[in-house]
Amino acid sequence: MKFTELLEIVADEPVFETGFLRSGRTSEPGLEAQLSRWCVAGKLLRLRRGLFALAPPYRKVIPHPFLVANRLSPGSYVSGLSALAFANAIPEYVPEVTSCGPARPHVRETPLGRFSYRYVKSALRTGYRLVDLVEGQRAFVARPEKAFLDLAHLQPGGDAPAWIDELRLNFEELSPARLRAAAAATGSPKLVRAAAHIIRCASDPGSACEPLPVT
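Nothing here was measured: the structure is a model prediction, and the numbers come from that model.

Scoring rules and cut-offs
Along each chain, residues carry numbers from 1 onward, in the same order as the chain's sequence is written. Owing to the predicted nature of the model, reporting of local features is limited to residues with pLDDT of at least 70; listing and counting of side-chain atom pairs is limited to 80 or more, with chain, interface and lining totals taken over all residues. Side-chain numbers here rest on the full set of heavy atoms in the structure, without hydrogens or water. Here a strand is any run of E in DSSP of at least two residues, a helix any run of H or I of at least four, and the numbering for each starts at the N terminus. Contacts are assigned to residue pairs that have any heavy atoms within 4.5 Å of one another. Exposure categories follow from relative accessible area, calculated using a 1.4 Å probe and restricted to protein chains: below 20% of the type maximum is buried, above 50% is exposed, and the middle band is partly exposed. Pairing between strands is defined by DSSP: at least two bridges between the two strands are required. Interaxial angles span 0 to 180 degrees and are taken between N-to-C directions of axes, which are lines fitted to C-alpha atoms, for helices over the stretch in contact. One less than the number of residues in a helix, times 1.5 Å, gives the span that helix is expected to have. Between 30 and 60 degrees the pair is tilted, below 30 it is stacked and above 60 it is edge-to-face, where a pair is any two Phe, Tyr or Trp rings, Trp via its six-membered ring, whose centres lie within 6.5 Å. Definition used for salt bridges: Asp or Glu carboxyl oxygen within 4 Å of a side-chain nitrogen of Lys or Arg. Patch membership requires over 30% relative accessible area and the absence of a salt bridge. Like charges are linked within 9 Å, and nonpolar side chains (Val, Leu, Ile, Met, Phe, Trp, Tyr) within 5 Å. Here the Shrake-Rupley method, with its probe set to 1.4 Å, supplies the accessible areas, and only the displayed protein chains count as covering residues. Buried Ala, Val, Leu, Ile, Met, Phe, Trp, Tyr and Cys residues that are joined via side-chain atoms within 4.5 Å together make up what is termed a nonpolar core.

### Considering the side chain of D150
Here comes step 1: Here D150 is to be found in helix α6 (residues 144-154).
Here comes step 2: For D150, the residues in contact, after removing those within four places along its chain, are Y77, S79, C100 and L124.

Okay, structure coming up:
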């Protein structure tokens, strides 16, 4: 395969897998070696084994970090601080994309950024949806209520009011009813307590648990 041919095949793909290049084609002997050579030449970016993106200036579409996160670990969804920031539920910018899913905990450093993954059991892999990002890209992202519950679940002492208050949550982006139902569905007393604290704070904006102003 020539590089010009590859560009025609993956023209509008933010990221692509080796199998995508072989779809509907005859065998391509030496394809993996050729892809490796293009990576060394700076024409491709290797994200993990078998997953690539075109390097500038060859790419037409800039891969969205959430799409990359999904594709790096199939079955995962963006959650935690990343999903909360995406929903404008916290004031901080979050440079690392955090996801939850079936894979063991690990971190991937790639040319497109840093991606961390946390394991959650199958019963907790709910509360996310497919969202539109940019340029036709889509990814699985937790709703803000589920993103908070995942964060609290994985954080030691995640039901502590002091820790929750430090997040400076924007209560307007959280549904008390959805948060209460999602916490109850987990069967976790810890998450029920964490949700109750947020609901109490949201219902009494003048209380001590009102988020601090951004400075």
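Now that the structure has been shown, we can carry on.
### Remarks on α6
Here comes step 1: In terms of residue burial, α6 counts as a mostly covered element, since nine of its 11 residues are buried.
Here comes step 2: Here α6 has its buried residues at P144, E145, K146, A147, F148, L149, D150, L151 and A152.

### A look at the sheet that holds strand β2 (residues 44-48)
Here comes step 1: The three strands are arranged β1-β3-β2 in an open sheet whose pairing can be described as antiparallel. Each end of this open sheet is capped by a strand with a single partner; those strands are β1 (16-17) and β2.
Here comes step 2: Sheet analysis places β2 next to strand β3 (residues 51-54), joined by four bridges and oriented antiparallel. From the neighbouring strand, R46 faces β3, where its bridge partner is F52.
Here comes step 3: Against the sheet, helix α3 (residues 31-40) touches β2 and β3, its axis set at about 115° to β2.
Here comes step 4: Lying on the sheet, helix α4 (residues 65-72) is in contact with β1, β2 and β3; it crosses β2 at an angle near 55°.

### Re the environment of V94
Here comes step 1: Position of V94 among the secondary structure elements: in the loop between α5 (80-86) and β5 (97-101).
Here comes step 2: Along the primary structure V94 and L81 are separated by 13 residues, whereas in three dimensions their C-alpha atoms are 6.8 Å apart.
Here comes step 3: Contacts of V94, omitting those with residues within four sequence positions, involve L81, S82 and A85.

### Details of helix α9 (residues 189-203)
Here comes step 1: Look at α9: 21 Å from first C-alpha to last across 15 residues, which is about the 21 Å you get at 1.5 Å a residue.
Here comes step 2: On the buried face of α9, the contacting elements are α6, α7 (161-166) and α8 (176-186).

### Some thoughts on the pairing of β3
Within a regular strand, the side chains alternate between the two sheet faces.
Here comes step 1: Residues L51 and A53 line one face of β3 and the alternating positions F52 and L54 line the opposite face, and both faces are buried.
Here comes step 2: Where β1 meets β3, two bridges bridge the pair, whose relative direction is antiparallel. Its bridge partner lying in β3, F16 is registered against F52.
Here comes step 3: The antiparallel hairpin formed by β2 and β3 contains two residues in its connecting segment, where G50 sits at a positive phi of about 85°.

### Description of the packing of aromatic side chains
Here comes step 1: The final tally for this structure, using the stated rule, is six aromatic pairs.
Here comes step 2: Ring geometry for F3 versus W38: centroids 5.3 Å apart, planes at 65°, classification edge-to-face. With F3 in helix α1 (residues 3-9) and W38 in helix α3, this pair connects stretches of sequence that are 35 residues apart. The pair formed by F3 and W38 is uniform in burial state, with each residue classed as buried.
Here comes step 3: Grouping aromatic residues by their ring pairs yields a cluster made of F3, W38 and Y58.

### A few points about the pattern of salt bridges
Here comes step 1: For the structure shown, the criterion picks out 10 salt bridges.
Here comes step 2: The partner of E32 in a salt bridge is R22, and the shortest N-O contact between them spans 2.5 Å. Of this pair, E32 sits in helix α3 while R22 sits in helix α2 (residues 18-22); the two residues are 10 residues apart in sequence, bridging distant segments of the chain.
Here comes step 3: Judged by its relative accessible area of 42%, E32 falls in the partly exposed class.
Here comes step 4: For E145, the salt bridge is made with R178, and the minimal N-O distance between the two is 3.8 Å.

### Considerations on a nonpolar patch on the surface
Here comes step 1: Taken together, Y128, L130 and F140 make up a surface patch of nonpolar side chains, about 250 Å² in accessible area.
Here comes step 2: Its location among the elements puts F140 in strand β9 (residues 138-142).
Here comes step 3: With a relative accessible area of 37%, F140 lands in the partly exposed category.

### Section: the nonpolar core
Here comes step 1: L84, F148, L169 and I198 are the most contacted members of the largest nonpolar core, which has 45 residues in total.
Here comes step 2: Ranked by residues supplied to this core, first place goes to α9 with six residues.
Here comes step 3: Setting aside residues no more than four positions away along its own chain, L84 makes contact with A89, I90, P144, A147, F148, L151 and L169.
Here comes step 4: If you look at the next biggest cluster of nonpolar residues, it comprises 12 residues, including F3, V10, C39 and L44.

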